[in-house]
Amino acid sequence: MYKVMIIDDEYIVRMDLRTIIDWKSMGLELTKDAENGNDALTKIAEFHPDILLLDITMPGMNGITLLTFLRESHFQGKIIMLSCHEDFDHVKEALVLGAEEYLLKHKLEPNMLVKALDSIVSKLEEERRQSDQIHKWVAIAEDSLQMYRKKFFQQLLSGYHIEIQKISQKLVELDLFFSLQLCVIVLVNIHDVVHEKQRLGSRSLEQMKDQLLEQINQTILEPSSGYCFDAQDGKLTMILGFSSVPSYLYLHNLVYSVSNQVLSLINADFKMKASIGVSDICSEIQQIPHFYQQAQEAVNGTFFLGKNRLIHYTEVKGYCNKPITSFKGYEERLLAAVKEGKQIAELVQEIYQGLLKQMVSLNEVKGFNFEFISFLKKVQREHSFNEQDLFGAERSPYEAINLMETVEEVQHFLRDVMIRLSEMLRNLSSSRGYRKEITNAIDYMMENYASDLSLEIMASYINMNSTYFSNLFKKETKENFVTFLQKMRVEKAKILLRNSEDKVYDIAIQVGIGNYHYFCKTFKQVSGVTPVQYRHLSRKG
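This section reports on the structure supplied with the text.

So, how was this worked out
- Residues numbered from 1 in each chain as written.
- Predicted model: local features only at pLDDT ≥ 70, side-chain atom pairs only at ≥ 80, totals over all residues.
- Heavy atoms only, no water.
- Phe/Tyr/Trp six-rings, centres within 6.5 Å; stacked < 30°, edge-to-face > 60°.
- Helix = DSSP H or I, 4+ residues; strand = E, 2+ residues; numbered from the N terminus.
- Buried < 20%, exposed > 50% of the residue type's maximum accessible area, 1.4 Å probe, protein only.
- Pairing = 2+ DSSP bridges.
- Axes fitted to C-alpha atoms, helices over the stretch in contact; angles between N-to-C directions.
- Contact = heavy atoms within 4.5 Å.
- Arc of directions from axis to C-beta.

**Notes on the packing of aromatic side chains**
One pass over the full model with this rule turns up 22 aromatic pairs. Considering the side-chain rings of Tyr352 and Phe372, the 6.4 Å spacing of their centres and the 20° angle between planes classify their relative orientation as stacked. Of this pair, Tyr352 sits in helix α15 (residues 344-357) while Phe372 sits in helix α16 (residues 362-382), placing them 20 residues apart in sequence. Judged by relative accessible area, Tyr352 falls into the buried class, the value being 0%. Taken together through their ring pairs, the aromatic side chains of Phe327, Tyr330, Tyr352, Phe368, Phe372 and Phe375 make up a single cluster.

Dropping the structure here:
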C-alpha cells in the first residue's frame, strides 16, 4: 500500500480531498496532512509518503519552493501539483522540476484524481519492480564487472575523476585498455520510446537495450578502443579513447565509422530508429564533463535537424539564440487564422521556420511551445470547448508537446489542433442559426465584451440603423441587446471567478462593467447568487 500526503493550507480543501474518493480501495493510505511547506518537510521525514498532493500557493514556503527543495534532496516520491488557477509559468516550472501532474482544485472531479493516481501508482509499481530486480542482480553479482564499469564512467562524466594516473589504473582494473589522453563522447538516443514501450512493453524494451549494449561492446568496440553503457537519462553513452592518433582527421573518420555501425545495427537488427550526437575531441581529463555536455547538445539537435542521423556538436552549437519575436507577437495573427480558417498550416510553418532560421535554442523553443499551448487552451476555455476533443485524450497537451522529438512533429501537432479549433469555432457559429450580420455582431461582442459597447456602436460595426439592428437582434436571439451583453459579461466573469484570485471589483472592470455595485446586482439577476457566493460554490464543488 502506497502512502499519500495532502499538503494544502486550506482546511476545507484538505477535507474535500480526503473524502472525494475511496483511497483504501485504490490501495492507498492517507498520512497526516501538512498545512504548509515547513510543516510538510517535518511530516515527510516522519511518514515517508510515496505520493504528495501539493498546493502551489501557500503562505511561507510555497509549493514550487518545496518542490525544488525536495528534488534537490533527492525525494523519490511522486508529486501532483494543485492550484486554483491555470498559470503557464507555474505549469512550466512544476513540470520542469519533475511534477507528475498539474490539477486545478476548483475543476477537480473524482475521476480526474483517480486517473492521475492510477498513472502514478503504475509508475511506482514499475519503479518498484525495476528496483527489486536491480537488488536481485546486486545480490547475485555484487562484484559485477559491468556495474563497476558503468559507475566509473558515470563518475568520470560528472567530473569525479580528474587524475590521469588514477584513471589509467582504474581502467586496467576494469579490464579496459584504452587511454583517455584523447577521447570523444558519443550519445545514442533511441527515438519514439513511448511508442516502442507500447509496442514491445517496458520489460522487453529494456532487455532489447541490454542486448544492444552487449553487441556494441562485443562486435563494434573493443576493450582497447572504448566502452558503451546505458546512462541514467536512458541514452546509450560511448566513450572512445586513444593515447595518440596519426591526425585528427583519422580520429574523426574512426568515430564516424563506429557511430554509423551503431546506427546500422539499431536499424537493421533491432528495427528501431536512433540518432547519435558526437562531441569534439577532448584532450584534457578535467574537461570531459564539458565534452559530455557537447554530446548531449548534439544528440538533442535532432529536434532541429531531424531523426535517424549522426550529428556533430559543431552542427548545433549555433542554436543558442532567443527568438526575435516573442510568442505574443504572433497571437493576433494566430487568432485571426483560427477564426477565418485560412492559412493555418502556412502560418504555423512560417513561425517555426523562422525560429529555425534564427537558430533559437532548444529551451527557448520549448518555452515558445508551452506559450502556444496556453494560447490554444485560453481560446478553448473562452468558448467552453472540451479539452480532450481539441487536444486528444492520451495525455495533457503540455506533456504531449514536450515529448515531441522534432520541430516537424511540433508543427504538425499544432497545425492539426489549430485546424480542429477553427472547425469547432465554425460549428459553434453555424449551430446558433443566426443571420450572418447577427453572428458577426456576437463574434465582435465575444472579442470586445470588456470594452464600452453600446447598441449604436454595434449597429455601426455591421452597417445598420440602430433601431433596425435592435429589432433584428431581438428577433434572432430572442433577447434584447443589453440583456444579451449582460449575460455574456456574467459568463466571462464566472470564468475569472473560477480560475483566478482577482478581486471581484477587478473582475467587474475586466468584463466591461466599471460600477462594482451594478456588476454585483447584474450578476445576481443573471445567476441567482452574488459573485462571492458563486466563487465559493464553484470551488467547493
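**Looking at the sheet that holds strand β8 (residues 236-242)**
On the basis of which strands lie adjacent, the open sheet formed by five strands has the order β7-β8-β6-β9-β10 and mixed pairing. Only two strands of the sheet have a single partner each, and these edge strands are β7 (226-230) and β10 (310-312). Averaged over all pairs of adjacent strands, the angle between their axes in this sheet comes to 20°, without regard to strand direction. Of the strand pairs in this sheet, β7 and β8 are connected by five bridges, and their pairing is antiparallel. From the neighbouring strand, Cys228 faces β8, where its bridge partner is Met238. Packing against the sheet, helix α9 (residues 202-220) makes contact with β6 (182-190), β7 and β8, and its axis sits at approximately 175° to β7. Each of β6, β8, β9 (274-278) and β10 is contacted by helix α10 (residues 248-269), which is oriented at about 160° to β9, the strand it contacts most.

**Let's talk about unusual backbone geometry**
The phi torsion at Met359 lies on the positive side, around 55°, for a residue other than glycine. One can find Met359 in the loop between α15 and α16. Phi angles above zero are rare outside glycine, and Lys478 is one such case at about 70°.

**Focus: helix α2 (residues 37-47)**
For α2, the complete set of buried residues consists of Gly37, Ala40, Lys43, Ile44 and Phe47. What you see down the axis of α2 is that its buried residues fit within an arc of 120°, all on one side. The outward face of α2, more than 90 degrees from its buried face, is lined by the exposed residues Thr42, Ala45 and Glu46. Elements in contact with the buried residues of α2: β1 (2-7), β3 (51-55) and α3 (63-72). With its phi angle positive at about 50°, His48 sits one or two positions after the end of α2.

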